[in-house]
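What follows is the residue order along each chain.
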Amino acid sequence: MHRDLRLDNVGRRYGLRGPWVLRGVHLTVPPATLIRIEGTNGTGKSTLLRLLARIDAPSEGRISGAPRTAYVPERFPTALPFTALGYLTHLGTVHGLSRPAATRAALEWLDRFGAAPYARTPMAQLSKGSSQKVAVTQALLAEPELLVLDEAWTGLDADARAELERAVAERTAAGTAVVFVDHDPRRLAGAPDATYTVHDGSLNLRTGEESSPPTGPQATVVVQGPTGASLPAEAIRTATATNEPTPGTHHLTVPASHSDVLLRALLTAHPPWHVVSVSQETETTTASTAPDPAAPSDISEAESRR
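Small disclaimer: the values here were computed from a predicted structure and weren't measured. Numbers given for residues are sequential positions, taken from 1 along each chain in its written order. In keeping with the predicted nature of the model, local features appear solely for residues at pLDDT of at least 70, side-chain atom pairs appear and are counted solely at 80 or more, and the whole-chain, interface and lining totals rest on all residues. For the side-chain quantities, the full set of heavy atoms in the structure was used; hydrogens and water were omitted.

1. Quick look at the overall build of the protein chain
Phase 1 of the analysis: The way it works is that DSSP assigns letters per residue, a run of H or I at least four long becomes a helix, a run of E at least two long becomes a strand, and they are numbered from the N terminus. Scanning the protein chain for helices and strands turns up eight helices and 14 strands.
Phase 2 of the analysis: The buried share of the protein chain, reckoned over its 306 residues, is 48%.
Phase 3 of the analysis: In what follows, residue pairs with any heavy atoms lying within 4.5 Å of each other are defined as contacts. Across the protein chain, the fraction of contacts at a sequence separation of at least 24, relative to all contacts at a separation of at least 6, is 70%. Note on exposure labels: buried denotes an accessible area under 20% of the residue type's maximum, exposed denotes more than 50%, and partly exposed covers the range between, all computed with a 1.4 Å probe on protein chains only.

In structure tokens, the structure reads:
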């Protein structure tokens, strides 16, 4: 596992002698964490993300730690002399994959985001939405240790937005650190481990973030495990709360956007766990399933989309 990425007293100017965009920023990004960055337009959110991704260097301070990093910029260049698949295969080899492995990974991710029909279309001919799917795919190809997303959901259709949320849940469950900016306050609601606000060039942990309960739609999964078995590590990392009201029966709470990942971790464990029920609670309604059969079919559906 890579070391934490740390920003110590980091600042960034506009140009060599221009005004400060950010100054005195301290931030630690441990593995397997999800961090949201908020702030009004022009406050320096994108500058911070570019520093985290090592696209820009700080004007002062120090950045330490060297996770393998992937980055989705706010504006993705589309006029590139490649087809979508050619570009992604090239990027995959840059990340250390063999050419056949890079091609396979590119096609799998394009299929997940509904962009497989455009794999051999020149980049310059892609629509904005299809270009954004390529931008997201290039960041996920080589299973990065740090994933930096700057408005990555913008331009995606509803299915692709949901797929990206699933991908974020998968990566954090696997140990990747994810830092993201998104204009929609409902994006991954209840999932971030911390939320920071950029204001007047400084970075501040949102008040009460460390003690506040999760917000947004939550799912509760009730499971029973084999005698004496411990919950799978991936399930523990994904759940925001666990409870064992009776021996062997566990109640796991998870952001609704992460429920697919939790169920897959439980059902693919060796031996698999028995899913008793799944319920999703929103601010106004609670929807339940009784999924001895339903939970596995949900997983099968999710897998078939991949």
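2. Focus: the packing of aromatic side chains
Phase 1 of the analysis: When two rings of Phe, Tyr or Trp (its six-membered ring) have centres within 6.5 Å they constitute a pair, described as stacked for plane angles under 30 degrees, edge-to-face for angles over 60, and tilted for the intermediate range. For the structure on display, the rule yields three aromatic pairs.
Phase 2 of the analysis: Ring centres of W109 and F113 lie 6.0 Å apart, and the angle between their planes is 25°; on these two criteria the pair is classed as stacked. The pair formed by W109 and F113 is uniform in burial state, with each residue classed as buried.

3. A short note on the sheet that holds strand β9 (residues 202-205)
Phase 1 of the analysis: At least two bridges found by DSSP between two strands are what make those strands a pair. Strands sit in the order β5-β6-β7-β3-β8-β9 across an open sheet of six strands; the sheet is mixed. At either margin of the open sheet sits one strand with a lone partner, and together these are β5 (69-72) and β9. With strand direction ignored, the average angle separating the axes of adjacent strands in the sheet is 20°.
Phase 2 of the analysis: Sheet analysis places β5 next to strand β6 (residues 146-150), joined by four bridges and oriented parallel. Along β6, the bridge assignment pairs T69 with L146.
Phase 3 of the analysis: Working convention: axes come from line fits to C-alpha atoms, limited for helices to the stretch in contact. Angles between N-to-C directions cover 0 to 180 degrees. Helix α4 (residues 128-140) contacts β5 and β6 of the sheet and is inclined by roughly 170° relative to β5.

4. Thoughts on the packing of helix α3 (residues 99-112) against α4
Phase 1 of the analysis: Contact geometry of α3 with α4 gives a least axis separation of 9 Å together with a crossing angle of 135°. Classified by the angle their axes make, α3 and α4 are oblique. In the crossing of α3 with α4, the sense of the turn from one axis to the other is right-handed. On α4, the residues that touch A106, W109 and L110 of α3 are V134, T137 and L140. With respect to orientation, any angle under 35 degrees is reported as roughly parallel, any angle over 145 as roughly antiparallel, any angle of 65 to 115 as roughly perpendicular, and every other angle as oblique. Throughout, a crossing is termed right-handed when the near helix is turned clockwise from the far one, and left-handed when it is turned anticlockwise from it by less than a right angle.

5. Topic: the pattern of salt bridges
Phase 1 of the analysis: Any Lys or Arg side-chain nitrogen found within 4 Å of a carboxyl oxygen on Asp or Glu counts as a salt bridge. For the coordinates displayed, the defined rule picks out 14 salt bridges.
Phase 2 of the analysis: Between D8 and R6 there is a salt bridge, with the nearest N and O atoms lying 3.1 Å from each other.
Phase 3 of the analysis: On the basis of relative accessibility, which here comes to 22%, the residue D8 falls in the partly exposed class.
Phase 4 of the analysis: Members of the salt-bridge network, linked through shared partners, are E165, D182, D184, R186 and R187.

6. Thoughts on the environment of A79
Phase 1 of the analysis: Checked against the element boundaries, A79 lands in the loop between β5 and α2 (84-94).
Phase 2 of the analysis: A relative accessible area of 69% means that A79 is categorised as exposed.
Phase 3 of the analysis: For the pair A79 and M123, spaced 44 residues apart in sequence, the C-alpha separation works out to 6.2 Å.

7. Quick look at the pairing of strand β3 (residues 34-38)
Phase 1 of the analysis: Among the five residues of β3, four are classified as buried, and the element is accordingly described as predominantly covered.
Phase 2 of the analysis: Pairing between β3 and strand β7 (residues 177-181): three bridges, direction parallel. Pairing of L34 across the sheet is with V178, part of β7.
Phase 3 of the analysis: As paired elements, β3 and strand β8 (residues 194-199) share four bridges and run parallel to each other. Looking at β8, one finds that E38 is bridged to T197.

8. Let's talk about the nonpolar core
Nonpolar side chains in soluble globular proteins tend to end up buried together.
Phase 1 of the analysis: Side-chain atoms within 4.5 Å link the members of a nonpolar core, which is a set of buried Ala, Val, Leu, Ile, Met, Phe, Trp, Tyr and Cys residues. Membership of the largest hydrophobic core comes to 37 residues, with the highest contact counts inside it found for V134, V136, L140, L149, W153, L164 and V168.
Phase 2 of the analysis: Elements that contribute at least two residues to this core include exactly β5, α2, α3, α4, β6, α5 (158-173) and β7.
Phase 3 of the analysis: Not counting the four nearest positions on each side in its chain, W153 is found in contact with R161, L164, E165, V168, F180, D182, R187 and L188.

9. Here's the deal with the confidence of the model for the protein chain
Phase 1 of the analysis: Residue-level pLDDT values for the protein chain average 83, and 87% of them are 70 or greater.
Phase 2 of the analysis: Averaged over each element, pLDDT in the protein chain is lowest for helix α8 (residues 294-305) (40) and highest for β6 (96).
Phase 3 of the analysis: For the stretch residues 209-213, pLDDT sits under 50, and the model shows four contacts to residues farther than four places along the chain or on other chains.
Phase 4 of the analysis: For every residue, the predictor assigns a confidence score, pLDDT, that lies between 0 and 100. Confidence over residues 283-306 falls short of pLDDT 50; this stretch has 42 contacts with residues more than four positions distant or in other chains.

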